[in-house]
Amino acid sequence: MSASRDEAGRLEPRVGPVPEGEPESHPYHHPAAGWGAAKSVSRFMVREGALADGPRAILRMNHENGGFDCPGCAWPDDTKGLHLDICENGIKHVTWEMTRKRVGREFFAAHSVTELSGWSDYALENQGRLTEPMVYDPGTDHYAPISWKDAFALVGRTLRELDSPHQASFYTSGRLGNEATFLYQLMARELGTNNLPDCSNMCHEASGRALQASLGTGKGTVDLKDWEATDALFILGVNAASNAPRMLTALAAAYRRGAQVVHINPLVEAAATRTIIPHDVRSMATCHSTPTSTLNLQPRIGGDLALLRGMAKAILEQATSDPQALDREFIDRHTTGFEEYRALCEATPWREIEKQTEISRPDILKAARIYREADRSIVSWCLGISQHEHGVDTVREIVNLLLLRGNLGREGAGPSPVRGHSNVQGNRTCGIDHRPGPEFLDRLAEVCGIEPPREHGLDTVGTIQAMHRGEVKVFVGMGGNFALAAPDTPYTCEALRNCDLTVQVSTKLNRSHLVHGRRALILPCLGRTEKDHQRTGVQSTSVEDSMSMVHLSVGMRRPASPHLLSEPAIIAGMARAALPDSATPWERYIEDYDRIRDTMAQVLDGFEDFNRRVRLPLGFRIKQPARELVFRTPSGRAEFSTAPLPDVVPAPGTLTLGTLRSHDQWNTTIYSDNDRYRGIRRLRTLVFMNQDDMRERGLSTFDPVDITSTAKDGTRRHLNGYLAVPHDIPRGCAAGYMPEMNVLCAIGDYSTQSDQPIMKHVKVTIHPAA
Ligand SMILES: Nc1nc2c(c(=O)[nH]1)N[C@H]1C(S)=C(S)[C@@H](COP(=O)(O)OP(=O)(O)OC[C@H]3O[C@@H](n4cnc5c(=O)[nH]c(N)nc54)[C@H](O)[C@@H]3O)O[C@H]1N2
Ligand SMILES: Nc1nc2c(c(=O)[nH]1)N[C@H]1C(S)=C(S)[C@@H](COP(=O)(O)OP(=O)(O)OC[C@H]3O[C@@H](n4cnc5c(=O)[nH]c(N)nc54)[C@H](O)[C@@H]3O)O[C@H]1N2
Ligand SMILES: [Mo]
C-alpha cells in the first residue's frame, strides 16, 4: 500500500470494506460461539455463492482418513471419534477459498495496477480466485497473461543472473503444506542461500527461541489429551473465541469437569466468559452456555513477566512452610539454575511486581493459589506474549513457573503455545528457518546431495531492510500478503518496489500484487480444498498442528481454474528453471508426493517411515524429547532463566498500544467491518481506550483522534482520524486492528531477543484529531 493519506490524514486506501451505515459499539453479552456464530456463517456463505457446496465441503473437513485439513488455525483436531470439530471462522475460511468468484485475464485487462491500488484490500480479495499466471507489463501498467513455462523461465533467468544467491529472499506464509515446504527450502539452499523469512518471524519466533533455550525443543510439549486431563489452564494473550475457536470446546469441557481456567489478558475477551459449544446440538438448541473461566486477571500490556514472577515468588514463599508447594525431586533431577532463580524471585519486591503488572498482590496470590492447588497445570499463550521486546524472557518465565512444580513430561501438564497459521509449525519442522542448525544441514547435504550454505540468512525484518538497501533484488512470496502483514507499511512497500522481480504465489488478489518490483509475477495455486492431480493420481499433502500431530490433507473440490498448479509444482518449476543442471529429481517429486516424503523421512528428525505413519487414521505425533524429559540444552537439563523485570510502565502522557485482530478477519483478509465479541459494528479504524484515559483527553465515544507512535530511534509515525472507543482495558493501554496499524510499527522496532517486530507494544500518544 502506498500509505498516502486523504485530507484528514487517514490512510488510503482502506483495508476493510466501506461500511454501510454508522458504526456501533455495544457491550456484547452473549456467550461465545452459538447462534451468533451460526448466523454469521450462513450470511457469509450466501455472499460467497458457496452455499450449495459449502456444507458438503465442511463435512469433509478435518475428517479421520480423508478430507482436507482446515486451512484456518493450527488448533489440533479432536482426538476422539468425533472428527467434526468445526468452528465459525474455519468455515468462513474454507468458504473464502471456495468462492465462485473469479479473477481472470479480462479483469486485469480492465483495471490498471494504479487503479487497483486505490481499491480497498477487502475489495481486492473479494474479486475471487486467481485463475492463471500473470506478468506485470510496465508499458501498460496492467497485468497480462503469461504461460507457466515463460513465467518459470523469467524467475529462473533472474535468479541465475544475480551476483549472489543472497540477493534473493524466499518468504513462506504458514499455509504451505509440508511437502511443498521441504521442496521450497531445498530450492533456496541448493541455490545457495538461507534467506528464508516466514510469518513465524512475526508470530511465534520468541516462543520457539525461549522453549529451545529452556527445554531444548522449539515447540510445546502437550497434546489435546493433556488439555483433557489437566487441573488448571492458564491462558495468556490469546483471543481464543476469534482466533482459535475450537479451543472454546476444551475450555468449556475443563470447566465442566471442575478444572480451573485462568485468563490473563489486558482485555476480557469472549473466551474468558461463557460459550455455547458449537457442535453440541443440544446446547445449540437450548442456548445452554457453559462458563469458560474461573478467574480473569487484566495486567497492563507487557506486564505478564512481572505477573508470572509474582506467582513464582508466591509459590516460593509458600514453600518455606509447605514443602509440597515445590516439586523438589523434579527440580533436583531435571533442572539447573533453580537457586539463582529463587534468589531472583526473593529479590524482586512485591511493589515492583504490582507496579509493572497493575495487578494487586492479593489478585496475584489468587492465581498462585490456583497454581499451587492444581496437581497438573498447562500454560497456553499466543501473540499477547510473543510480540514483545521481552517475549523470549516471558515465555522462559512461563517455563520457570512450570518447572517449579514439575509441570512437564507428565499427563495434563506443560507449555502449550497456540500457533497461528494451520501449518506454521510444520514449515519450521520441514526446514523453513533462516538460522538452520548444522545437524539438519549435514543431513540435507548427505541425503539430497547439495552443499547448503552454512551462514545464517535473512528473516522477515532483515529481508525488508535488505530490499530497501537494494541488496535483495528478488522476492518470492509463497502465500501470504507480505506488503500488508509486515511492519512499517510505507517502508515495506518501498522495499518491495525496489526489487528487480517480485513473485507472489497466491490464491487471491491482494495488496502484495500491487506493490511490486520492476518485474512482477502472480502465480495462482490450488487451495487446500482442491484436488491435486499429478501423473500418479490425486496427491495429498501433510500438515502439522499446534501440538505436533502430522496428518494428511486431501483436497476434493474441482480446482477453481484448470490453469492452476499446485504449490509443489510451482516450486519445482521455478527450481528447474533456476537450476537447470540440478541433480534433484524435481519432476519425479511432482509426479508422486510420496517420493518427496521418502526423502523427507531421511532428512527430518521424527519423520522415519513417514509415508506409512502419515496414513494412520490420526496421523502421527512427532517425538517431543522434552516431553520424555530429555533436554537438548547445553546442560542436558531444563534450564531456569533469570531475566530482570522490564519496565513496561508507559511514560506520562503516553500509552502502550497493542495491535490485534477483529473477529471478522484472517490476518490481512478482512471478512467484514464487525468485531462481534467486542460489540463493534461497521468500524475498523478505531482505537480501544480506557474510559479514564479518554476522559483525560476530553474524548467521548467515536471522537476522532490522531495517533502518533515513537520508535526506538525517536522517529514518529501517524494514523489520523481514528475513532476512540471505550473498552475494559487497563489505564495506559490501548488496542486497535492489524494490519492497518502496521503503519505505526517502525521497521527498527523488533525485539533484540527474538528479532520479532514488537507489534503488541507500540509506544503512542493519542490526541483529539487536529
Ligand atoms: N479467525 C482468525 N483466526 C486466526 C487468525 C485470524 O486473523 N483470524 N490469525 C491466526 C494467526 S497467524 C495467529 S498468530 C493467531 C493469533 O491469535 P491471537 O494471539 O489471539 O491474536 P491477536 O488478535 O493478535 O490477539 C492477541 C491477544 O493478546 C492480548 N494481548 C495483547 N497484549 C497483551 C499482553 O501484553 N499480555 C497479554 N497477556 N495479552 C495481551 C489481546 O488482548 C488479544 O486478546 O490466530 C490465528 N487464528
Ligand atoms: N501489526 C501486526 N502485524 C502483524 C500481526 C499482528 O498481530 N500485528 N501478526 C503477524 C502474524 S502472527 C502473522 S502470521 C502475519 C501473517 O502474514 P501472512 O501469512 O503473510 O498474511 P495472510 O494475511 O495470512 O495471507 C493472506 C494471503 O494468503 C494467500 N493465500 C491464502 N491461502 C493460500 C494458499 O493455500 N496458498 C497460497 N500460496 N496462498 C494462499 C491469499 O492470497 C491471501 O491474500 O502477520 C503478522 N502481522
Ligand atoms: Mo501468526
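These remarks concern the structure in this document. These numbers come from a predicted model, not from an experiment.

1. Here's the deal with the pairing of strand β18 (residues 519-524)
Counting buried residues along β18, five of its six residues qualify, which places the element largely inside the surrounding structure. Sheet analysis places strand β5 (residues 134-137) next to β18, joined by two bridges and oriented antiparallel. Of the residues in β18, the one forming a bridge with V135 is L521. Pairing analysis gives six bridges linking strand β17 (residues 501-506) to β18, with the strands arranged parallel. Bridge pairing in β18 places T502 opposite A520.

2. As for the packing of helix α9 (residues 205-215) against helix α20 (residues 391-404)
For the pair α9 and α20, interaxial distance at closest approach is 8 Å and the crossing angle is 45°. With respect to α20, the axis of α9 lies oblique. Between α9 and α20 the crossing geometry is right-handed. On the side of α9, the interface is formed by A206, S207, R209, A210, L211, A213, S214 and L215, while α20 contributes G391, V392, V395, R396 and V399. Here the residues of the contact of α9 with α20 sort into eight nonpolar, three polar and two charged.

3. Digging into the site of ligand 2
Taken together, 31 residues sit near ligand 2, with Y171, S173, A485, E567 and T668 positioned nearest. At a separation of 3.2 Å, an oxygen atom of ligand 2 approaches a polar side-chain atom of K760. Look at ligand 2: alone it shows 930 Å² of surface, and the protein chains cover 98% of it. Residue composition of the shell around ligand 2, by class: 12 nonpolar, 13 polar and six charged.

4. A closer look at the packing of aromatic side chains
Following the criterion strictly, the structure yields 17 aromatic pairs and no others. Taking 5.9 Å as the distance between ring centres and 75° as the angle between the ring planes, the aromatic pair formed by F234 and Y371 counts as edge-to-face. Taken together, the residues F234 in strand β8 (residues 232-236) and Y371 in helix α18 (residues 361-373) connect sequence positions 137 residues apart. Ring centres 4.6 Å apart and planes at 45° place the aromatic pair F475 and F482 in the tilted group. Here the two residues F475 and F482 agree in accessibility, since each one is buried. Through pairs of rings, three or more aromatic residues link up here, namely F107, F108, W119, Y136 and Y143. When the ring centre of F620 is taken as reference, the NZ or CZ atom of R613 above it lies at 4.2 Å. One Lys or Arg, R676, reaches over the ring of Y677 and ends 4.9 Å from the middle of that ring.

5. With respect to the sheet that holds strand β10 (residues 274-276)
Spatially, three strands are ordered β2-β10-β11 in an open sheet, and the strand pairing comes out mixed. The strands lining the two open edges of the sheet, one partner per strand, are β2 (32-33) and β11 (290-291). Summarising the sheet, β2 and β10 pair through two bridges and their orientation is parallel. Paired with A32 across the bridge in β10 is T275.

6. A few points about the sheet that holds strand β23 (residues 620-621)
If you walk across this open sheet you meet the three strands as β21-β22-β23, and the pairing is antiparallel. Among the strands making up the open sheet, the edge pair consists of β21 (541-544) and β23. Alignment of strand β22 (residues 549-553) against β23, held across two bridges, turns out to be antiparallel. Paired with V550 across the bridge in β23 is F620. Running over the sheet, helix α8 (residues 178-191) touches β21 and β22 and is turned about 90° from β21.

7. Focus on the pattern of salt bridges
Tallied over the entire structure, the rule returns 48 salt bridges. The salt bridge involving R597 is made with E179; its shortest N-O contact spans 2.9 Å. Of the two residues, R597 is situated in helix α29 (residues 593-603) and E179 in helix α8; the sequence distance between them amounts to 418 residues. Between K313 and E317 there is a salt bridge, with its nearest N and O atoms 3.9 Å apart. Linking K313 with E317, this pair stays in helix α14 (residues 304-319), spanning four residues, or about one helical turn. Judged by its relative accessible area of 7%, K313 falls in the buried class.

8. A few points about the nonpolar core
In terms of nonpolar packing, the biggest core is built from 62 residues, with F170 and M574 touching the most fellow members. Sequence-distant contacts of M574, defined by excluding residues within four places in its chain, comprise F152, V155, M187, V476, M478, V503 and L523. Judged by nonpolar contacts, the second largest core, of 51 residues, contains I264, M311, A367 and A626.

9. Quick word on the side chain of S582
With respect to the helices and strands, the residue S582 is situated in the loop between α27 (567-578) and α28 (586-591). Looking at S582, the relative accessible area reads 11%, which means it is buried. Only 2.6 Å separates the side chain of S582 from the side chain of E190, close enough to count as a polar contact. Discounting residues that sit within four places of it in the chain, S582 has contacts with E190 and R576.

10. Focus: unusual backbone geometry
Cis geometry marks the peptide bond from M738 to P739; its omega dihedral reads 0°. The residue P739 is located in the loop between β32 (733-737) and β33 (762-768) in this model. Backbone geometry at S548 places phi at a positive 70°, although glycine is not the residue there. Its location among the elements puts S548 in the loop between β21 and β22. Relative accessible area serves as the criterion here: at 1%, S548 is assigned to the buried category. In this structure, R682 is a non-glycine residue whose phi angle is positive, near 60°. Tracing the chain through its elements places R682 in the loop between β28 (680-681) and β29 (686-689). On the basis of relative accessibility, which here comes to 18%, the residue R682 falls in the buried class.

11. Some thoughts on helix α25 (residues 489-497)
Inspection of α25 places T489, T492, C493, A495 and L496 among the buried residues, and these make up the whole buried set. All buried residues of α25 fall inside an arc of 160° around its axis, so they share one side. Packed against the buried residues of α25 are α23 (460-469), β16 (474-478), α24 (482-485) and β17.

12. Overview of the environment of A643
Within the element layout of this structure, A643 appears in the loop between β24 (638-639) and β25 (655-660). Considering only alpha carbons, one finds A643 and H390, 253 residues apart in sequence, at a separation of 9.2 Å. Look past the residues within four positions of A643 in its chain and what remains in contact with it is R309, L344 and D393.

13. Some words on the environment of P31
Following the sequence through the fold, P31 ends up in the loop between β1 (24-25) and β2. Separated by 244 residues in sequence, P31 and T275 have C-alpha atoms that sit 4.6 Å apart. Setting aside residues no more than four positions away along its own chain, P31 makes contact with R274, T275, I276 and S289.

14. A look at the packing of α8 against α29
Between α8 and α29, whose axes approach to 10 Å, the crossing angle comes to 70°. Between α8 and α29, the angle is such that the two are roughly perpendicular. The handedness of the crossing between α8 and α29 is left-handed. Every residue of α29 that contacts α8 at N178, E179, F182 and L183 is listed here: I596, R597, T599, M600 and V603. Looking at the contact of α8 with α29 residue by residue, the class counts come to five nonpolar, two polar and two charged.

Calculation notes
Residues numbered from 1 in each chain as written. Chains lettered and ligands numbered in written order. Predicted model: local features only at pLDDT ≥ 70, side-chain atom pairs only at ≥ 80, totals over all residues. Heavy atoms only, no water. Buried < 20%, exposed > 50% of the residue type's maximum accessible area, 1.4 Å probe, protein only. Helix = DSSP H or I, 4+ residues; strand = E, 2+ residues; numbered from the N terminus. Pairing = 2+ DSSP bridges. Axes fitted to C-alpha atoms, helices over the stretch in contact; angles between N-to-C directions. Parallel < 35°, antiparallel > 145°, perpendicular 65-115°, else oblique. Left-handed = near helix turned anticlockwise from the far one by under 90°. Contact = heavy atoms within 4.5 Å. Nonpolar A, V, L, I, M, F, W, Y, C, P; charged D, E, K, R; others polar. Near = heavy atom within 4 Å. Polar contact = N/O pair within 3.5 Å; in protein donor to acceptor, adjacent residues only side chain to side chain. Areas by Shrake-Rupley, 256 points an atom, 1.4 Å probe, with all protein chains shown as cover. Phe/Tyr/Trp six-rings, centres within 6.5 Å; stacked < 30°, edge-to-face > 60°. Lys NZ or Arg CZ within 6 Å of the ring centre and 35° of its normal. Salt bridge = Lys/Arg side-chain N within 4 Å of Asp/Glu carboxyl O. Core = buried A, V, L, I, M, F, W, Y, C linked by side-chain atoms within 4.5 Å. Arc of directions from axis to C-beta.

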